[in-house]
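Topology and contacts: notes
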Amino acid sequence: MSVLLTDQQPLMSNTFTFESLQRFPGLQADNLVAVDASDRLVLAQAAEAIEAAPAGRVVVVGDRFGAMTLGAMALHGARDVRVHQDPVTGEQALANNAERAGLGATRTGLTDGFHQLPLTPELFTGATVVIGQLPKSLDALREMAQLAATHAHPALTLFLGGRVKHMTHAMNDVLADSFTDVRASLARQKSRVLVAGGPRPHGQAPVTAYPLRQRHLDLDLWVCAHGAAFARTKIDIGTRFLLEFIDRMHPDAGTAVDLGCGTGIIAATVARARPRLRVVATDESSAATSSALATAAANGLAERIQVLRDDAMSSLPDASVDLIVSNPPFHLGASVHSGASDKLFRAAGRVLRPDGELWTVFNSHLPYRGRLTRAVGPTRIVGQNAKFTVTMSTRSPRDRPGESWATAP
Ligand SMILES: C[S@@+](CC[C@H](N)C(=O)[O-])C[C@H]1O[C@@H](n2cnc3c(N)ncnc32)[C@H](O)[C@@H]1O
């Protein structure tokens, strides 16, 4: 998406405050915030560089809800900012917060405000400043650092912040593979910024090719993964258990969705096992959907699998799908939180046709059966091993889910 500013608008927004930022449509709860000390610290550390950068030279990566993008624009005059956010809900939150801060207006006499790009060379071409949140995984950091070092301006400085408790020395090492100068800021309010400069010239830095590819002989499956995708090219043990039940899933289904598809392992396995099924692989994450596209192609299934970047199937009509298969998230950012899976279960209740089935897997200690029953319909345990439970929930033809189901334990 693009948001445009006008020359008539004041360069520094007078309505932007960190406190006014909201997470919506990201999950909201008392203990979940839209901005933290690491956002503020990155902006403080990068202030001078942002203010000195010409229009079009500032890039923001991993902004969660817009604090960095809008802060750079409103407090430090950044213009024509290129932004990459992995979850689609992050993009929507940024757009909503921009609108609320008066940074989302479109008039005449246009100067670009910010625009969203995928994680590709175009995101970084010619950039002199990159600011952002440190990603959770080293592969995500490596993929981003390599792209930035290869395609940005030689004078690039990168400022990536995080909570000290989530940072490791391995992050410095990953940055040092692509940049000659890497240093850490002093810690402030339990946050720190890694600052990197001096992109290593082409040929003088180790290069990892993304998406990564791995062949799993036992499943006869290629798995492709961009840096930020769940489980990299591995097959999660919960997913592996769920795959054992494919032959028992809705025998008459014509349409199936791999909900929260990650690298697309479930979609690829289901599509191959059930040649008449139309399969949709969907995830909110851009790394996931790019990976799922690559996995489908690597297994010769590109024609069979439609890949959709979407928040909890929001673009699929009610009662339109026969079978949903999902290994749901139980983390939200760095914390364990049931909101993320509840959202997917409610979406399954909406999108399944009457008699449609949701097959899911979860750690056996989690109280998901009752939640599935309330959100979708009667839920049966179909398999259990030492760690995981696989359930099948059936969308009843009689009632709307949530209205009449007895609560299972
Ligand atoms: C546990 S991973 C499973 C990935 C993959 N299905 C597998 O088995 O390897 C859960 C996935 O759900 C996705 N996800 C979380 N919240 C989502 C949402 N609101 N809409 C769509 N996908 C979501 C995450 O991005 C992640 O890829």
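Our structure's up above, just so we're on the same page.
About the cut-offs
Residues numbered from 1 in each chain as written. Predicted model: local features only at pLDDT ≥ 70, side-chain atom pairs only at ≥ 80, totals over all residues. Helix = DSSP H or I, 4+ residues; strand = E, 2+ residues; numbered from the N terminus. Buried ≥ 20, exposed ≤ 12 C-beta atoms within 10 Å, placed from the backbone. Contact = placed C-beta atoms within 7 Å. Pairing = 2+ DSSP bridges. Axes fitted to C-alpha atoms, helices over the stretch in contact; angles between N-to-C directions. Near = placed C-beta within 6 Å. Right-handed = clockwise from strand over helix to strand, strands pointing away. Parallel < 35°, antiparallel > 145°, perpendicular 65-115°, else oblique. Left-handed = near helix turned anticlockwise from the far one by under 90°. Nonpolar A, V, L, I, M, F, W, Y, C, P; charged D, E, K, R; others polar. Core = buried A, V, L, I, M, F, W, Y, C linked by C-beta atoms within 7 Å.

Considerations on the overall build of the chain
- Along its length, the chain carries 11 helices and 19 strands.
- For the chain, the proportion of its 409 residues judged to be buried stands at 50%.
- Pairs at least 24 apart in sequence give 74% of the contacts found in the chain among residues at least 6 apart.

Focus: the sheet that holds strand 18 (residues 379–384)
- The mixed open sheet is built from seven strands, whose spatial order is 13-12-11-14-17-19-18. The sheet is open, and its two edges are formed by strand 13 (305–309) and strand 18, each paired on a single side. Averaged over all adjacent pairs, the angle separating strand axes in this sheet is 20°, with direction ignored.
- Across five bridges, strand 14 (residues 321–326) lies against strand 17 (residues 352–363) in parallel orientation. Among the inter-strand pairings, Ile-324 is bridged to a residue of strand 17, identified as Leu-358.
- Contacting strand 12 (278–283) and strand 13, helix 9 (residues 286–298) crosses the sheet at an angle of about 170° to strand 13.

Section: helix 2 (residues 67–76)
- Among the 10 residues of helix 2, nine are classified as buried, and the element is accordingly described as predominantly covered.
- Every buried residue of helix 2 is accounted for by Ala-67, Met-68, Thr-69, Leu-70, Gly-71, Ala-72, Met-73, Ala-74 and His-76.

Looking at the site of the ligand
- Within the structure, the ligand sits among 21 residues, and Thr-239, Gly-260, Gly-262, Glu-284 and Asn-327 are positioned closest to it.
- Only helix 8 (265–273) and helix 10 (339–351) provide two or more residues apiece to the shell around the ligand.
- The greatest single-element share of the shell around the ligand, amounting to three residues, is contributed by helix 10.

A closer look at the pairing of strand 3 (residues 81–84)
- In strand 3, alternate side chains face the same way, and those of Val-81 and Val-83 on one face and Arg-82 and His-84 on the other are all buried.
- On the question of chirality, the crossover connecting strand 2 (residues 58–61) to the parallel strand 3 by way of helix 2 is right-handed.

A word on the packing of helix 1 (residues 37–52) against helix 2
- Viewed as axis vectors pointing N to C, helix 1 and helix 2 meet at an angle of 45°, and their least axial separation amounts to 10 Å. By the criterion of interaxial angle, the relationship of helix 1 to helix 2 is oblique. As helix 1 packs across helix 2, the resulting crossing turns out to be right-handed. Between helix 1 and helix 2, the contacting residues are Asp-39, Val-42, Leu-43, Ala-47, Ile-50 and Glu-51 on the first element and Ala-67, Met-68, Gly-71, Ala-72, Leu-75 and His-76 on the second.
- For the contact of helix 1 with helix 2, a count of residues per class yields eight nonpolar, two polar and two charged.

Focus on the pairing of strand 7 (residues 179–184)
- Bridging between strand 7 and strand 8 (residues 191–199) involves five bridges; their strand directions are antiparallel. Residue Val-182 lies in a different strand from strand 8, and its bridge partner there is Ala-196.
- In this antiparallel pair of consecutive strands, strand 7 and strand 8, the connection spans six residues, and Gln-189 shows a positive phi of 45°.

Regarding the environment of Ile-324
- Tracing the backbone through its elements, the reader meets Ile-324 in strand 14.
- Take Ile-324: there are 33 C-beta atoms within 10 Å of it, and that puts it in the buried class.
- Each C-alpha atom, one on Ile-324 and one on Thr-255, is 8.6 Å from the other, the two residues being 69 residues apart in sequence.
- Not counting chain neighbours up to four residues away, the residues in contact with Ile-324 comprise Val-257, Leu-259, Ala-348, Val-351, Leu-352 and Leu-358.

Points about the environment of Ala-225
- For Ala-225, the position within the fold is in strand 10 (residues 221–225).
- The exposure class assigned to Ala-225 is buried, which follows from the 29 C-beta atoms found within 10 Å.
- Put simply, Ala-225 and Leu-293 are 68 residues apart on the chain and 9.8 Å apart in space, counted from C-alpha to C-alpha.
- With near-sequence residues (within four places) excluded, Ala-225 lies in contact with Pro-211, Leu-212, Arg-232, Thr-233, Thr-263 and Ser-291.

Topic: the nonpolar core
- The biggest cluster of nonpolar side chains holds 118 residues, and the ones touching the most others in it are Ala-72, Val-130, Ala-148, Ala-267, Ile-324 and Ala-348.
- Residue contributions to this core peak at seven residues, all from helix 5 (residues 138–151).
- Excluding residues that lie within four positions of it along the chain, Ala-267 makes contacts with Asp-258, Cys-261, Val-279, Ala-281, Ala-292, Ala-296 and Ile-305.

Description of the packing of helix 10 against helix 11 (residues 368–375)
- Look at helix 10 against helix 11: their axes get within 8 Å of each other, and the N-to-C directions meet at 35°. Crossing of helix 10 over helix 11 shows right-handed handedness. For the pair helix 10 and helix 11, contact is made by Ser-341, Asp-342, Phe-345, Arg-346, Ala-348 and Gly-349 and by Tyr-368, Arg-371, Leu-372 and Ala-375, respectively.
- Tallied by class, residues from the contact of helix 10 with helix 11 come to five nonpolar, two polar and three charged.

Side note on helix 8
- Of all the nine residues making up helix 8, seven are buried; the element is thus mostly covered by neighbouring parts of the structure.
- What helix 8 keeps buried is the set Ile-265, Ile-266, Ala-267, Ala-268, Thr-269, Val-270 and Ala-271.

Topic: unusual backbone geometry
- The peptide bond linking Phe-24 to Pro-25 adopts the cis configuration, its omega dihedral lying at 5°.
- Tracing the backbone shows Pro-25 in the loop between strand 1 (2–6) and helix 1.
- The omega angle of the peptide bond from Tyr-210 to Pro-211 is 0°, so this bond is cis rather than trans.
- Among the secondary structure elements, Pro-211 is positioned in the loop between strand 8 and strand 9 (212–216).
- Despite not being glycine, Asp-80 shows a phi value in the positive range, around 55°.
- Of note, Gln-189 is a non-glycine position whose phi angle comes to about 45°, a positive value.
- Tracing the chain through its elements places Gln-189 in the loop between strand 7 and strand 8.

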